[in-house]
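Now for the letters of each chain:
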Amino acid sequence: MNKIKFATAWLGGCSGCHMSFLDLDEKLLELANKIELVYSPIADVKEFPEGVDVTLVEGAVANLDNLRLAQQIRARSRRVVSFGDCAVTGNVPSLRNTLGVDDLLTAVYQEGPGRHPAGGGEILPRLLPKVLPLHQVIQVDAFLPGCPPDAERIWAAVSALLADEPILLEPARRTFG
Ligand code: SF4
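Just so it is clear, the model here is predicted, and its values are computed rather than measured. As a convention, each chain's residues are numbered from 1 in the sequence order in which they are written. This being a predicted model, a pLDDT of at least 70 is required before a residue's local features are given, and a value of 80 or more before pairs of side-chain atoms are given or counted; all residues contribute to the totals for chains, interfaces and linings. Each side-chain value is derived from all of the structure's non-hydrogen atoms; neither hydrogens nor water enter the calculation.

Caption draft 1: Region of the structure containing the packing of helix H2 (residues 27-34) against helix H6 (residues 151-162). Contact geometry of H2 with H6 gives a least axis separation of 12 Å together with a crossing angle of 15°. With respect to H6, the element H2 is oriented roughly parallel. The hand of the H2/H6 crossing is left-handed. Contacts between H2 and H6 involve Lys-27, Glu-30, Leu-31 and Lys-34 from the former and Glu-152, Trp-155, Val-158 and Leu-162 from the latter. Fitting a line to C-alpha atoms yields each axis, with helices limited to the stretch in contact; the angle taken between N-to-C directions then spans 0 to 180 degrees. Under the scheme used here, helices are H or I runs from DSSP no shorter than 4 residues and strands are E runs no shorter than 2 residues, and both carry numbers assigned from the N terminus. Should an angle lie under 35 degrees it is considered roughly parallel, over 145 roughly antiparallel, and from 65 to 115 roughly perpendicular; all remaining angles are considered oblique. Take the far helix as the reference: if the near one is turned anticlockwise from it by less than a right angle, the crossing is left-handed, and if turned clockwise, right-handed. It only takes one pair of heavy atoms within 4.5 Å for two residues to be counted as in contact.

Caption draft 2: Broad picture of the site of the ligand. By convention in this text, a residue qualifies as near a molecule or strand provided that one of its non-hydrogen atoms is within 4 Å of it. Around the ligand, the surrounding shell consists of Gly-13, Cys-14, Gly-16, Cys-17, Glu-58, Asp-85, Cys-86, Asn-91, Gly-146, Cys-147 and Pro-148. The nonpolar class holds Ala, Val, Leu, Ile, Met, Phe, Trp, Tyr, Cys and Pro. Asp, Glu, Lys and Arg form the charged class, and all remaining residues, Gly among them, are polar. For the shell around the ligand, the residue count by class is 5 nonpolar, 4 polar and 2 charged.

Caption draft 3: Representation of the pattern of salt bridges in the model. A carboxyl oxygen of Asp or Glu within 4 Å of a side-chain nitrogen of Lys or Arg is what we treat as a salt bridge. In total, this model carries 8 salt bridges according to the counting rule given. With a closest N to O distance of 3.7 Å, Arg-76 and Glu-47 form a salt bridge. Here the residue Arg-76 occupies a position in helix H3 (residues 64-76), and Glu-47 occupies one in the loop between strand E2 (35-39) and strand E3 (52-58), the gap between them amounting to 29 residues. The shortest N-O distance in the salt bridge between Asp-141 and Arg-74 comes to 3.1 Å. On the criterion of sequence distance, the pair formed by Asp-141 in the loop between strand E6 (127-132) and strand E7 (142-144) and Arg-74 in helix H3 is long-range, its members being 67 residues apart. Each of Glu-47, Glu-50 and Arg-76 takes part in salt bridges that share partners, so that together they form one network.

Caption draft 4: View of H6. Expected span of a helix, by definition, is 1.5 Å for each gap between consecutive residues, and there is one gap fewer than residues. With 12 residues, H6 should cover 16 Å at 1.5 Å per step; its first-to-last C-alpha distance of 16 Å lies within 8% of that length. In this scheme, a residue with accessible area under 20% of its type's maximum is buried, one over 50% is exposed, and one in between is partly exposed, where area comes from a 1.4 Å probe on protein chains only. Listed in full, the buried residues belonging to H6 are Ala-151, Ile-154, Trp-155, Ala-157, Val-158, Ala-160, Leu-161 and Leu-162. In protein, a polar contact means a hydrogen-donor-capable atom and an acceptor-capable atom, both N or O and within 3.5 Å, with residues adjacent in sequence counting only if both atoms are side-chain atoms; elsewhere, any N or O pair within 3.5 Å suffices. Residue Asp-150 occupies the N-cap position of H6, its side-chain oxygen lying 3.1 Å from the main-chain nitrogen of Glu-152. One or two positions beyond H6, positive phi appears at Asp-164, with a value near 55°.

Caption draft 5: Expanded view of the pairing of E3. Burial of E3 is extensive: 7 of the 7 residues sit out of reach of the surface. At least two DSSP bridges between two strands are required for those strands to pair. In terms of strand pairing, strand E1 (residues 4-10) meets E3 through 5 bridges, oriented parallel. If you follow Ala-7 over to E3, its bridge partner there is Thr-55. Where E3 and strand E5 (residues 77-83) come together, 6 bridges link them in parallel fashion. The partner of Val-54 across the bridge, within E5, is Arg-79.

Here it is, written out as structure tokens:
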């Protein structure tokens, strides 16, 4: 049986959506029989691969690294799912949009009370002027809201994706839940 090439990615989020994914518990074994996990924060793969069937994306697009990865995911994935409220709406990371601070990294790490050690700034990816939900950056095929989405809803969505139910046949956006 050809296994579905499956990926998950972690952009600007707390990783709680991935923790909820791991709450699938024994269903993960069932999943492992059907998919080949080709990229994920829980797998040590450095480069997002070509020819991915389904990618769940956790987190908002907050910095240049997030933006580049989101674009790479879209170019290399047949179906992209906005996974959790940070990806769907911007949620917690987008709270900084209301602060009106142009250069937040400097404000926090260089001017704030907890100063970052000198020389550390260049390792941080440049922040985008505003945090954006995923669909404002790339086309998204389905939305799986929740903070985090619970394991039952994740399973319903993943099962539909793996069964090639309409979501895989129709490019129209669809929300699970
Ligand atoms: Fe964390 Fe909630 Fe955002 Fe998921 S949606 S990354 S659980 S804050």
